[in-house]
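Chain residues, written in single-letter form:
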Amino acid sequence: MVEFALRHAWLVPLLPALAFAMIVFLTRPWPKLSSAVSIAAIFSSFVLSSAIAYGVFTNPAFIEKPLVYSLRWFGMEGFTVHVGVMLDPTSTMMLFMVSLVATLIQIYSTGYMEGDPQYSVFFSYLSLFAASMLGLVISSNLLQMFVMWELVGLCSFLLIGFYTFKISAREAAKKAFMTTRIGDFGMLLGLLFLQIVFGTLDLTELTQRVPAYEQFGISLGLLTLIAILLFIGPIGKSGQFPLHVWLPDAMEGPTPVSALIHAATMVVAGVYLVGRTLFLFAEVPGAMEVVAFTGAFTALFAATIAITQREIKRILAYSTVSQLGYMMLALGVGSLSASMFHLWTHAFFKALMFLGAGSVLHALHHKADVWDMGGLIKKMPITGWTFVVGGLAIAGIPPFAGFWSKDEILAVTMQYATHGHIMGYLLFFMAAFTAFLTAFYMWRMIFLAFFGKEKPENHPHESPWNMAFPLIVLAVLSTVGGLIGTPWANYWGEWIHFGQPHHGEPAIGLMLLSVFLGVAGIGLAYIFYYKDEEKQRVKQLAERYQTLYRISYNKYYVDELYQWFTRSVVDAGARVLYWFDIHVVDGIVDGLAGITRTSGKGLRYLQTGKLQTYALVFFLAVLVITVVLAFGNPTSAGILGGGK
Amino acid sequence: MNIPVLTLTLLAPIIAALIIVFIPKEEEKLCKWVAALGTGVALALSLYVYFGYDQSVGGLQWVDFGRPVPLIRDLGVSYYMAVDGLSLPMLLLTNLIGFAAVFASWNVSHRAKELMIYLLVLIAGVMGTFIAQDLFIFLLFYEVVVIPIYIMVIIWGSSKRVTKEYAGMKLTIYLLIGSAFLLVGVIATFVESVAITGTPNMSFEGLARVAFPEEFQIYMFGLMLLGFGSLLSMWPFHSWSPDGYAGAPTAVSMIHAGVLKKIGGYGLIRVAIFVMPLGAKFWAPWIAVLGVIGVAYAAMGALAQKDLKYVVGYSSVSHMGYVLLGVASLGVIGVNGAVANMFAHGVMAALFFSMIGFIYEKTHTRWIPDLGGLSHQAPRLSVGFMMAAMASLGLPGLISFIPEFTIFVESFRVFGWLAVLAIAGIIITALYVLRAGANTLFGPAREEYNHVRDIRGPELVPLVVLGGVLVLGGILPSLLFDMVNSGVAPIMAHIQEALQIGGR
Amino acid sequence: MATGLNPSYFIALSAALFAIGLYGAISRKNAIAVLISIELMLTAVNINLVAFNKFLTPEAFIGQIFAIFVITVAAAEVGLGLAIVIAIYRNRKSVDLDDFDWMKW
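Residues numbered from 1 in each chain as written. Chains lettered and ligands numbered in written order. Predicted model: local features only at pLDDT ≥ 70, side-chain atom pairs only at ≥ 80, totals over all residues.

In the nomenclature of an unreviewed UniProt entry, chain C is known as NADH-quinone oxidoreductase subunit K of Desulforamulus profundi. One UniProt comment on chain C, placed under Catalytic activity (unreviewed entry), says "a quinone + NADH + 5 H(+)(in) = a quinol + NAD(+) + 4 H(+)(out)". (UniProt positions renumbered as here; feature names shortened; annotations may be inferred.)

Structure follows, in structure tokens:
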């Protein structure tokens, strides 16, 4: 089984792809059957992934030498592309995580989407998404990865716009696609550069060739440019500043989608890509700094927005942006291990919280404002308590999963700072402050929604088992998922690392700081939003610092800026060009046609319609020609062909 | 190979047209079925040829009657029908789209018989240009194409921003002006070749072997570039394209945008570059510049449009810019990409126009602000529309991504930052395509379109055929690329050789 | 060959005939008359053809054959021409060429 799974890892993405085709062409009229097909496929993928994980994580040879096999996709002289499978601990971990989360979320969706007229279609999209994401993860080639990358983008577009009757969903879908498209443009340029300079997009070959970049005739500057261009893709996909704007709007999609795509899997594709190409980034310190600062800034930036948002999914979305910033930061300081670790734990607790939020929305009939909730934990104990677990995990309270990964990131950032990067201290400060803010805004949400006074107009009820079951599984994983990477027994770091594995001494001081930040955040939220039942203090604060509050609530007006740019620059430019096209370019064409027409109008009077006039003219012309031929000088006769 | 398969392929639609002539005009359905059968046979034959072509051998194969049959000895004209990796995709494309176009016109009831006849003649004409290996025959077929187009636009077209008469005339005159420039170039080339070699020969191969003087090549290439370029809607000779497509009936838009335009690109490679390599080298940077301008300019133009057909009309100008860019790179990779992109764009544009045709037929409008939420009433139509839209913005997994990427690889290498402007076109493309697609299909359902019936039965054929190719070509690009490469590689090898001799 | 006979006689004759025919074709108003004049011009051409054949290439018959062609074509043309004239007469009750000016603008 294990050997079979390793050899046939391509089945993992293929099965959901087949499920997609099957639902679209065969089972669409039968919703229950469609969801069964979809779940069966993703569950099989999960089983296969587990077998692969078993095979990989029992054989340390995979750390140094990934299992790669591929076949020719297309090619020509000087440009051949292979598609294939690349199994190493990182991709195996991702395979396992994605298929696991996807399976849970599909089970959850059978409850959440119950009765939706587009039920089958929803599951076909989920299958397509799972196929693309799993395909992205195991890609052995950057072009293949880009293909899958775009396909997950397509699924994201389709799923965000899933509620087609909503204008807002349509706009959000377009925005998501456009924003990530801008990122893809940069990434495409990066890929082109790589292909042209190194003659391949194969990850294994690139790993060997990139360090010897000078032999390929390019300077460090150009390599930096390549890396930064490549990084624009992840900026778009992983919602980093300044292309983060689509992610919060993406919450227009059904909640399982938000959990699957916009929290646990797709958005981490960017992080994964940078992780995959870290061999390139590691060559160029300049690019690494860009990655680190983008990550740290995004983390802080999104956290400051999250503290004032009101909609439950929007808060979670900004928290996702912020956490993705953490992962980027970890990559920027050179630690694949910490980044992937956070990716791993984040997938569980964020999926958990999104599903919990979905459960709440389901119960409250899509009333999303946290200020309209309250005391939900009494009526919805499973949702509530699992949500609390998620909150503890993201706030970084030991022994929950988030603590270990966040601590690891803080540790590597500190290490980066102490190894001669003065700016590292700034990064560390930003990360630490974000940790505090995260705990605060998360618990603000939890206190507002689940504790405090119940609102009489709400009639919440616990969700059915197929929604509760994934919550419980994810809650368990959010609790214990981090224990494989504790500083005392860092199995994680042994397997997943770039360069030398990180063997830091457990930094107790750092841990204490981290715990302190988390507790402080929760404590502040407790004071403001739980003890103060009338919430007088926060209201006063918001009024006193009105400008700050507004800037944060309106997300620093980045959306408005983009909107202005699209409307006033791009669209206006398009209108100007169109005017130019129909009045100048076409004007010339029509002008030429007009000349023909006008001259025709004038000349037509020569046509009398009398045959005999024509005959006379004809005869006279013949006469003139004859005379010229007979009596003209030989050279001028030459033009008439009688030159001989 | 004693059976002249290519000639049979060419004859299939002509025979169908002749049969339809004898069918009473009341028997509309019968006319359409005969037309479908004729194009279907042609499609089957071209598939047979496509998969029977031996790529490992390459070169011209399936030569009808085993050799060029002399027609006019004094002019060196011969009936020389054969295909290589360059012609075959175009032949297949023609028949794919021709077949789909018949079904896209399934609901036309106004003079259906005549429409089918013209359509079949048009398809045969286009096909002829791609399989003729003789310059004279090539031009002959090219002229055959012009006449049905004009008549079809005038009779079955629609007047929107411009009248259909204006659109038809613009289309026809551009086609004719292009062919006029071409004719001058061709005659001069022929005369010069006779002067150099002493024996008249009109076949592409024969002409390519003649070593024309460099200056002559530059002038002639310029003429041919004007001719083929205006056919390919090269900026600034593009303005016929949006107006023409908007005015034309669905089938004409499909064939015109799908394949007829590609005669320009095909001719540019097969005639202009192949015969005039030194001229090509001189003009390549200009082609690239015009291509890039075309990409960006037309993409912006499309952004300003509100009429669906205008959006696609401008977008096709923009996509042809990529083709020009690929051709201008004069490298195997770039030209491969250009040819593959012609194929990809053909399929995509035809699907796009057929879906717009259905939308127009069912809602009587193409004005984007008046449309919306159609996915509620017509889900299958929406799938087709969305597939075409996604292919248009170069979504990987559909046929057009790999060709575009290939073009980018080569042109970025050759032209550097100039190409970046063209690559940036993918952002604007995404913007206008998404706007058109999402605003038409998504959003709340509109009551006035509740009567709209989704496409079904024969109406599904364009979606199934073209959509299938769209996906298949995206998943297995080697199906297309290996074929294209087997045709392009020898041509480019010949050109490199010529350039080296000429460069000395 | 008779010595007194030289080509200029024939040329003069055919030229005169042609000029008469041309004059008639251009100036006569009656369509039938115009047709007759055209016949005269064709006859002039025939005389030329036969004569030059005799003087230039007496051993070949190209000129004579060509003349026969011309006669054939002329017969066909007259047949067609008269048919058209009759058709027009039926519609217009006139064979005056001045009335036939519809082929303008």
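More follows now that the structure is in view.
Caption draft 1: Molecular detail of the overall build of chain C. Helices and strands together make up the secondary structure of chain C, namely 3 helices and 0 strands. Counting from the amino terminus, chain C carries its helices and strands in the arrangement α-α-α. A compact globule built from 105 residues should have a C-alpha radius of gyration of about 13 Å, whereas chain C, at 17 Å, is more than 25% larger. Its C-alpha atoms put chain C at 55 × 25 × 25 Å along the principal axes. Taken across its 105 residues, chain C has 11% of its residues classed as buried. Restricting the contact set of chain C to residue pairs at least 6 apart, pairs at least 24 apart contribute 49%. (Helix = DSSP H or I, 4+ residues; strand = E, 2+ residues; numbered from the N terminus. Rg over C-alpha atoms; globule rule 2.2 N^0.38 Å. Buried ≥ 20, exposed ≤ 12 C-beta atoms within 10 Å, placed from the backbone. Contact = placed C-beta atoms within 7 Å.)

Caption draft 2: Representation of the overall build of chain B in the model. Of the regular secondary structure elements, chain B holds 19 helices and 2 strands. Relative to a compact globule of 504 residues, whose C-alpha radius of gyration would be 23 Å, chain B shows 21 Å and is just as compact. Seen along its three principal axes, the alpha-carbon backbone of chain B occupies a region of about 70 × 55 × 40 Å. The contacts of chain B with a sequence gap of at least 6 include a subset with a gap of at least 24, amounting to 81%.

Caption draft 3: Structural context of the interface of chain A and chain B. Across the boundary between the two partners, chain A contributes 39 residues, which contact 41 residues of chain B. Residue assignment for the side of chain A that touches chain B shows that the elements contributing at least two residues are β1 (67–76), α7 (142–160), α8 (167–198) and α27 (558–603) of chain A. Take the side of chain A that touches chain B: its biggest share by element is 14 residues, from α8(A). Here the residues of the side of chain A that touches chain B sort into 25 nonpolar, 5 polar and 9 charged. (Nonpolar A, V, L, I, M, F, W, Y, C, P; charged D, E, K, R; others polar.)

Caption draft 4: Focus on the pairing of strand β2 (residues 79–87) of chain A. All names here are of chain A. Judged by how many residues are buried, β2 sits mostly within the fold: 7 of 9 residues are covered. Relative to β2, β1 runs antiparallel, the two sharing 9 bridges. Following the sheet pairing, Val68 is matched in β2 by Met86. (Pairing = 2+ DSSP bridges.)

Caption draft 5: Seen up close, unusual backbone geometry. Residues and elements named next belong to chain A. In the segment running from Pro398 into Pro399, the intervening peptide bond is cis, with an omega of 0°. Residue position: Pro399 is located in the loop between α19 (381–395) and α20 (401–418). Even without glycine at this site, Lys555 takes up a positive phi of about 55°. Note on placement: Lys555 falls in the loop between α26 (546–553) and α27. Here the phi dihedral of Tyr556 falls at roughly 60°; this positive angle occurs in a residue that is not glycine. Within the fold, Tyr556 resides in the loop between α26 and α27. A count of 15 C-beta atoms within 10 Å places Tyr556 in the partly exposed class.

Caption draft 6: Up close: the arrangement of the chains. Interchain contacts are distributed over 2 pairs of chains, and the most extensive set of them lies between chains A and B. No interface is formed between chain B and chain C, the nearest pair of C-alpha atoms being 20 Å apart.

Caption draft 7: Broad picture of the confidence of the model for chain C. When pLDDT is averaged along chain C, the result is 86, and 93% of the positions lie at 70 or above. What the predictor reports for the complex is a pTM of 0.87 with an ipTM of 0.90. (pLDDT = per-residue confidence, 0-100.)

Caption draft 8: Looking closely at the interface of chain C and chain A. With 10 residues of chain C in contact, the opposing surface of chain A contributes 10 residues. Class assignment for the residues of the side of chain C that touches chain A results in 7 nonpolar, no polar and 3 charged.

Caption draft 9: Spatial organisation of the nonpolar core. The biggest cluster of nonpolar side chains holds 430 residues, and the ones touching the most others in it are Ala351(A), Ala100(B) and Val347(B). Per-element tally for this core: the top contributor is helix α13 (residues 332–363) of chain B, with 20 residues. Sequence-distant contacts of Ala100(B), defined by excluding residues within four places in its chain, comprise Met254(B), Ala350(B), Ser354(B), Val461(B), Pro462(B), Val465(B) and Leu466(B). (Core = buried A, V, L, I, M, F, W, Y, C linked by C-beta atoms within 7 Å.)

Caption draft 10: Local environment of helix α10 (residues 220–237) of chain A. Residues and elements named next belong to chain A. A rise of 1.5 Å per residue sets the reference length of α10, with its 18 residues, at 26 Å; its end C-alpha atoms lie 26 Å apart and thus fit the reference within 8%. Burial analysis of α10 places 13 of its 18 residues in the buried class, the great majority of the element. In the stretch just after α10, Gly239 is the one whose phi turns positive, near 60°. (Expected span 1.5 Å × (residues − 1).)

Caption draft 11: Focus on the UniProt feature "transmembrane region" (unreviewed entry) in chain C. Residues and elements named next belong to chain C. UniProt feature "transmembrane region" (unreviewed entry): in the numbering of this structure it lies at residues 6–25, 32–52 and 64–89. The span residues 32–52 is 100% helical and 0% strand by assignment, and the distance between its end C-alpha atoms comes to 31 Å. For residues 64–89, the end-to-end C-alpha separation is 37 Å, with 100% helix and 0% strand making up the annotated structure.

Caption draft 12: Summary view of the environment of Glu543(A). Note on placement: Glu543(A) falls in helix α25 (residues 536–544). A sequence separation of 131 residues divides Glu543(A) from Val412(A), and the C-alpha atoms of the two residues are 39 Å apart.

Caption draft 13: A look at the environment of Ala132(B). Residues and elements named next belong to chain B. Positionally, Ala132 belongs in the loop between α4 (112–131) and α5 (135–156). By the C-beta count within 10 Å, which is 26 here, Ala132 ends up buried. Each C-alpha atom, one on Ala132 and one on Phe204, is 9.3 Å from the other, the two residues being 72 residues apart in sequence. With sequence-adjacent residues up to four places away left out, Ala132 is seen in contact with Tyr80, Met81, Ile137, Phe138 and Phe141.

Caption draft 14: Structural context of the packing of helix α16 (residues 401–415) of chain B against helix α17 (residues 417–441) of chain B. Residues and elements named next belong to chain B. For the pair α16 and α17, the least separation of the axes is 6 Å and the interaxial angle reads 145°. Residues Phe408, Ser411, Phe412 and Phe415 of α16 lie in contact with α17, whose contacting residues are Leu418, Ala419 and Ile423. In the contact of α16 with α17, the residues fall into 6 nonpolar, 1 polar and no charged. (Axes fitted to C-alpha atoms, helices over the stretch in contact; angles between N-to-C directions.)

Caption draft 15: Layout of the packing of helix α8 (residues 214–231) of chain B against helix α10 (residues 250–275) of chain B. Residues and elements named next belong to chain B. Two numbers describe how α8 lies on α10: the axes approach to 7 Å, and their chain directions differ by 160°. With respect to α10, the axis of α8 lies roughly antiparallel. Note on element contacts: α10 touches α8 through Lys261, Ile263, Gly264, Gly267, Leu268, Val271 and Ala272, opposite Phe221, Met224, Leu225, Phe228, Gly229 and Leu231. Partitioning the contact of α8 with α10 into residue classes produces 9 nonpolar, 3 polar and 1 charged. (Parallel < 35°, antiparallel > 145°, perpendicular 65-115°, else oblique.)

Caption draft 16: Structural context of the environment of Gln546(A). Counting through the fold element by element, Gln546(A) comes out in helix α26. Distance from Gln546(A) to Phe297(A), taken between C-alpha atoms, is 23 Å for residues 249 residues apart in sequence.

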